[in-house]
Amino acid sequence: MSKNAKKTAIRITRAEDFPAWYQEVIKEADMAENSGVRGCMVIKPWGYGIWERLQRRLDQRIRETGHENCYFPIFIPLELIEKEATHVEGFAKEMAVVTHHRLVEKDGKLEPAGKLESPLVIRPTSEAMIGESFARWIRSYRDLPVKINQWANVVRWEMRPRMFLRTSEFLWQEGHTAHATEAEARIETETMLEVYRQLAEEWLSIPVIPGEKSESERFPGAVETHTIEAIMQDGKALQAGTSHFLGQNFAKAANIKYQAKDGSEEFVYTTSWGVSTRMIGALIMTHGDDDGLRVPPTVAPHQIVILPIARDEETAGVVNPAAAELAKRLNAENVFGEAVRAHVDSRDINTGEKRWGWIKKGVPLIVELGPKDLEKGSVMVTRRTDIYAKAPEDTDVFVGAAPEHLEAIQRKLFDDAASLRDARLETGISDFAAFKEYFDTEDASKLGFVRAKWCGDASSEEQLKKLSVTIRCLPYDQDGKEGVCVITGKPATVDAIFAKAY
RNA sequence: CGGAGCGUAGCGCAGUCUGGUAGCGCACUACACUGGGGGUGUAGGGGUCGCAGGUUCAAAUCCUGUCGCUCCGACCA
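Bear in mind that the values here come from a model prediction, so they are computed numbers and not experimental data.

*Asks:* If you had to explain the protein's contact with RNA strand B to someone new, which residues and values would you point to?
*Replies:* Near RNA strand B, the surroundings consist of 36 residues, among which Arg160, Lys360, Asp373, Tyr388 and Lys390 are the closest. Expressed as a percentage, the sugar and phosphate content of the atoms of RNA strand B within 4 Å of the protein is 40%. Interatomic distance of 2.9 Å between a side-chain N/O atom of Ser276 and a base nitrogen of RNA strand B. Arg311 is positioned with one of its backbone polar atoms (N or O) 2.6 Å from a base oxygen of RNA strand B. Secondary structure elements with two or more residues in the surface near RNA strand B: helix H10 (351-361), helix H11 (371-376) and strand E21 (386-394). The element that contributes the greatest number of residues to the surface near RNA strand B is H10, accounting for 5 residues. Each residue belonging to the surface near RNA strand B can be placed in one class, and the counts come to 11 nonpolar, 8 polar and 17 charged.

*Asks:* A description of the packing of helix H9 (residues 313-331) against helix H12 (residues 395-424) should follow, citing residues and the corresponding values.
*Replies:* With their axes 9 Å apart at the nearest point, H9 and H12 run at an angle of 35° to one another. Side by side, H9 and H12 meet where Leu326, Arg329 and Leu330 of the first sit next to Thr395, Asp396, Phe398, Val399 and Ala402 of the second. Partitioned by chemical class, the residues of the contact of H9 with H12 number 5 nonpolar, 1 polar and 2 charged.

*Asks:* Give me the lowdown on unusual backbone geometry, citing residues and values where you can.
*Replies:* Put simply, Leu144 and Pro145 share a cis peptide bond, and its omega is -5°. Structurally, Pro145 can be placed in the loop between helix H5 (127-137) and strand E7 (146-155). Look at Ser205: it is not a glycine, yet its phi comes out positive at around 55°. Among the secondary structure elements, Ser205 is positioned in the loop between helix H6 (182-203) and strand E9 (208-212). Here the phi dihedral of Asn255 falls at roughly 60°; this positive angle occurs in a residue that is not glycine. In this structure, Asn255 sits in the loop between helix H7 (249-254) and strand E12 (257-259).

Parameters and conventions
- Residues numbered from 1 in each chain as written.
- Chains lettered and ligands numbered in written order.
- Predicted model: local features only at pLDDT ≥ 70, side-chain atom pairs only at ≥ 80, totals over all residues.
- Heavy atoms only, no water.
- Near = heavy atom within 4 Å.
- Polar contact = N/O pair within 3.5 Å; in protein donor to acceptor, adjacent residues only side chain to side chain.
- Helix = DSSP H or I, 4+ residues; strand = E, 2+ residues; numbered from the N terminus.
- Nonpolar A, V, L, I, M, F, W, Y, C, P; charged D, E, K, R; others polar.
- Axes fitted to C-alpha atoms, helices over the stretch in contact; angles between N-to-C directions.
- Contact = heavy atoms within 4.5 Å.

Now the structure itself:
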């Protein structure tokens, strides 16, 4: 057994075993747990609280960009799904199907009784369902555009589930729009990807690379798929959000037509875009350290946790009201456009245990308040970004500066992640031998993204498959220079981002 | 769907080869001492050993079947 210089709160460090560390953080931060059903998880209050804050922000941005929320059913008639061929092909293998209804008791056990005449699919996504509605809602160019969103759960019967990253059931938001013109639909696609980029970078402090997917990585049935790709601490990529330009594919499949000004009948152009609970996985793998999670203050269920220190009833009588008063003062402050969220942890357990519990959960600021502090008019402050630098601060100064402290932590998380991204971005590889060598490593500390020229040949992607490397995206910031394809050596001008992925 | 493994207390496991009345650690409860880096002691509570059948005087242990989960691949937000 190796002896660490410092004891870490998470027993398995990132360097030792990243996937095991990831599972451990989820467990120790009390975010979620596996349920009895394969691939399904129970999202516990701390994990769900983070999701709710992310959700609130994203929902606000979706409304600001002119969309309305609504809700469609979880069951999709099989016939509806069958309409878009590529779409079916892409999702068929992972669809959960309901074939029976009602249960009867037989030999002391419950058995399905009535078989459904027509099976129902549990939505893996709602393009088919919503397309059917769009076809009925849209008659004239005056009905366009239609811009809706729904917050829902979807089911994809994945081969290999992983908490938050790939669960059989997951929560997400799916936006669906229909437009009269291709140009408008393309703008919509870009707009929403930009909303996602901002959500990731500005709200979650997760730096991403926005770009377009190559053909083989495209959403089934889409004309173009756009993505934000994030770099995890083990050098692997994670698709954190997608926006699809669907062209007229779904319009033709679902017969979504409108009458134009000139009286002609036209198919609409549609888009769809989504962000899921996978984002929580991205958050963990971007910001977590060997002491647990580090939650960006914007989405932390508690931004500040106050620990009253009292060894007997008498001091408790003084300290507890003071802690409550401090929380009240902090909650009156504003940060990120909302009230500060401070919480007093008055559970009857040791302070040390409480402290480490909140460190593992990633609370940005921990404030200890004891009799000595009260005498001096100060508080003992720990920042999650530097847990070994605990120091006293004047209470009044701390309260007034709390928003700035939180903003600083938010920035620090982004800066840390951005420097990791830069360190993991390899731009100096131009031939396939060097490329293979780069990815042929078990050492997670050396893995990362390669940015290089790509000729666009579908066959070249076959070469990548052997290395379990994929093209993550063709980034928007193309340099346009002539070069050679890193795989085939053919002339190429397009820049691509290559990486191993989750 | 291929390969591997595991189902014994809330969690993590030992016990299974070589059948003999179920054990450890953590967690939990009570009390005492503690209390600003996750503390110490004492005393407790908790299990039809995944499920079904078989062999046996006797099954967590042997046999057959079955269900479930985890990990590694192909697939994916």
